[in-house]
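Each chain is listed here by its residues.
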Amino acid sequence: MAENNQSIFDMIHQYGPYVGMGIIGIAVLLVLLYYLRLATLKEFKQKYDYINKNEIDSLWRATVILLIGAVIWVNAIFGETELLWFSVKVFVSAMLALIIGVIIQNILRFYYPFYIEKRLKKLRYTPRVSPKTGKPMKLLSEEEEDVYLDEGMQAEEDIFSVDYDVWVDEETGYTKIEKYSGHLHALQCSECNYQTLKVVKEEIIKSPTTMEEGELMKYFKCSYCGHKARKTFHIAKLKEASAVSETSKVTSAS
């Protein structure tokens, strides 16, 4: 039995460091592939959607894999020849990795979104370049963009489910319409100050007509401290169908 245990420990000490480093390498490779893919995207909207959809999940997956690799590497490189002490070392290193993982998870969940939000805002509002003239296009205001949106688009904006950005080349009239989620990102909670307050429910209190504005109630809940809040929004009056430019191009949210 002692000889079998010694053989197992010898194998762990011999091959374990390489296995651990290989797993750590996979974690690093995942992060590099993520940023390489991001660098290949040319459109600002594509970058926006890719970061918004994948960045936190990609970093978290890489963190988990890296911690697993680190536990294997540490336990293999600092060898033990007794089963009891080896088990204790595995347990302690696994608990330490778990603590580190929880800390990183909370950073990614509660603090990192502030950093992502700044990057997303920069991507969203960086002037688009017209393919017709090569010059910067103008981002229209909420009032100006309505002429380029059909009734369905305007209805989506009125209930805050979708937000459209309309970019116009003033020289040629070319327009580009980009679609964003109306309540995709969390707001800052007034109780815990984390950016974890999200819309959990929307209710139309009063439907709009061509004569009167409507009312929408939005219910919020903080995913960290559980704080709840609600706020009433006005829904614009219904409008007549407006012409939409034939040169419009809609880029949907992914």
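Note that the coordinates shown come from a computational prediction; the quantities given were computed from them, not determined experimentally. (Residues numbered from 1 in each chain as written. Predicted model: local features only at pLDDT ≥ 70, side-chain atom pairs only at ≥ 80, totals over all residues. Heavy atoms only, no water.)

Undergrad: I'm lost on the overall build of the protein chain in this one. Help?
TA: Broken down by element type, the protein chain carries five helices and seven strands. Taken across its 254 residues, the protein chain has 33% of its residues classed as buried. The contacts in the protein chain between residues at least 6 apart in sequence include a share of 57% that link residues at least 24 apart. Split by element, the accessible area of the protein chain, about 15800 Å² in all, is 61% carbon and sulfur. (Helix = DSSP H or I, 4+ residues; strand = E, 2+ residues; numbered from the N terminus. Buried < 20%, exposed > 50% of the residue type's maximum accessible area, 1.4 Å probe, protein only. Contact = heavy atoms within 4.5 Å. Areas by Shrake-Rupley, 256 points an atom, 1.4 Å probe, with all protein chains shown as cover.)

Undergrad: Would you mind going over the nonpolar core with me for this structure?
TA: In a soluble, globular protein the nonpolar side chains are often hidden away together inside. Ranked by internal contacts, the top residues of the largest apolar core, which has 13 residues, are Leu38, Tyr48, Tyr50, Ile51, Tyr112, Ile116 and Leu120. Going through the elements one at a time, helix 1 (2-40), helix 2 (44-77) and helix 3 (83-125) are the ones with two or more residues in this core. The element that contributes the greatest number of residues to this core is helix 3, accounting for five residues. Ranked by size, the runner-up nonpolar core spans nine residues in total, among them Val162, Tyr164, Val168 and Ile177. (Core = buried A, V, L, I, M, F, W, Y, C linked by side-chain atoms within 4.5 Å.)

Undergrad: Sorry, what's going on with the packing of aromatic side chains here?
TA: Any pair of aromatic rings gets described here by the distance separating the centres and the angle formed by the planes. Counting across every chain of the model gives four aromatic pairs. For the pair Tyr48 and Tyr180, a centre-to-centre distance of 4.8 Å together with 80° between the ring planes defines the contact as edge-to-face. One end of the pair, Tyr48, is in helix 2; the other, Tyr180, is in strand 3 (residues 175-181), and 132 residues separate them in sequence. Tyr180 sits in the buried class, given a relative accessible area of 2%. Members of the aromatic cluster, connected to one another through ring pairs, are Tyr34, Tyr35 and Tyr50. Taking NZ or CZ as reference, Arg124 lies 4.1 Å from the ring centre of Tyr180, over its face. In this structure, Lys201 is placed above the aromatic ring of Tyr219, and the distance from its NZ or CZ to the ring centre is 5.5 Å. (Phe/Tyr/Trp six-rings, centres within 6.5 Å; stacked < 30°, edge-to-face > 60°. Lys NZ or Arg CZ within 6 Å of the ring centre and 35° of its normal.)

Undergrad: I would appreciate a short explanation of the UniProt feature "transmembrane region" (unreviewed entry) in the protein chain in the present structure.
TA: The feature "transmembrane region" (unreviewed entry), as annotated in UniProt, sits at residues 15-38, 59-78 and 90-112 in this numbering. Within the segment residues 15-38, helix and strand shares are 100% and 0% respectively, and the terminal C-alpha atoms sit 35 Å apart. Annotated as residues 90-112, this span is 100% helix and 0% strand, and its ends, taken at the C-alpha atoms, are 31 Å apart. (UniProt positions renumbered as here; feature names shortened; annotations may be inferred.)

Undergrad: How should helix 3 be read in this particular structure?
TA: Each turn of an α-helix holds 3.6 residues, which means side chains three or four residues apart point in the same direction. Look at helix 3: 60 Å from first C-alpha to last across 43 residues, which is about the 63 Å you get at 1.5 Å a residue. Of all the bends in helix 3, the largest measures some 50° and sits at Tyr112, one to four residues before the proline Pro113. (Expected span 1.5 Å × (residues − 1). Bend = angle between axes of the 7 residues up to and from the residue.)

Undergrad: What exactly am I supposed to notice about a nonpolar patch on the surface here?
TA: Taken together, Leu84, Trp85, Val88, Phe91, Val92, Met95, Leu98 and Val102 make up a surface patch of nonpolar side chains, about 790 Å² in accessible area. Along the chain, Met95 falls in helix 3. (Patch = residues over 30% accessible without salt bridge, like charges linked within 9 Å, V, L, I, M, F, W, Y side chains within 5 Å. Salt bridge = Lys/Arg side-chain N within 4 Å of Asp/Glu carboxyl O.)

Undergrad: I'm lost on the sheet that holds strand 4 (residues 197-206) in this one. Help?
TA: Two strands in a sheet stick together by hydrogen bonds in their backbones, pointing the same way (parallel) or opposite ways (antiparallel). Read across the sheet, three strands follow the order 4-5-6 without closing on themselves; strand pairing throughout is antiparallel. Every interior strand has two partners, whereas the edge strands, strand 4 and strand 6 (228-235), have only one. Direction aside, neighbouring strands of the sheet carry axes that sit 25° apart on average. Two elements, strand 4 and strand 5 (residues 214-222), share eight bridges in a ladder whose sense is antiparallel. Counterpart to Ile204 in the pairing with strand 5 is Leu216. (Pairing = 2+ DSSP bridges. Axes fitted to C-alpha atoms, helices over the stretch in contact; angles between N-to-C directions.)

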